[in-house]
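Residue-level listing of the chains:
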Amino acid sequence: MTFATLIRIYGAAGNFDGCLNVYEEMKALGVKPNMTVYNRLLDAMGRARRPSQAKNIYAEMLGNGFQPSWGTYASLFRAYGRARYMWYYII
């Protein structure tokens, strides 16, 4: 089972802190996240209505040299929309 799968399972179950714990443990083990991991995390933070954490994960993703995909943008828009932070869309 991959880290991305664990993050997806925790997110589907509504255990959003579990998603972040898997992500932090992954980094502690020296495993570098890929786009799937980032997109799953962003999606989970959107469902959790945690746009500030989504923004931090997005910034980390960019800092690690990844280019956002359409799925990445969709997850960010969902995160901000669910939290009613619509003004973030234009930033």
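As a reminder, the structure under discussion sits directly above these lines.
Residues numbered from 1 in each chain as written. Predicted model: local features only at pLDDT ≥ 70, side-chain atom pairs only at ≥ 80, totals over all residues. Heavy atoms only, no water.

S.K.: I keep staring at the environment of Arg82 and nothing clicks. Help me out?
M.R.: Relative to the assigned elements, Arg82 resides in helix 5 (residues 70-82). Since its relative accessible area comes to 34%, Arg82 is described here as partly exposed. Separated by 36 residues in sequence, Arg82 and Gly46 place their C-alpha atoms 6.8 Å apart. Apart from the residues within four sequence positions on either side, Arg82 is in contact with Gly46, Arg47 and Arg49. (Helix = DSSP H or I, 4+ residues; strand = E, 2+ residues; numbered from the N terminus. Buried < 20%, exposed > 50% of the residue type's maximum accessible area, 1.4 Å probe, protein only. Contact = heavy atoms within 4.5 Å.)

S.K.: Quick question: what am I supposed to make of the environment of Ser75 here?
M.R.: Tracing the sequence through the fold places Ser75 in helix 5. Through-space distance from the C-alpha of Ser75 to that of Gly46 is 6.5 Å; in sequence the pair is 29 residues apart. Aside from chain neighbours lying at most four places away, what touches Ser75 is Asn39, Leu42 and Asp43.

Honestly, that's just the spatial picture; any functional story needs more than this.
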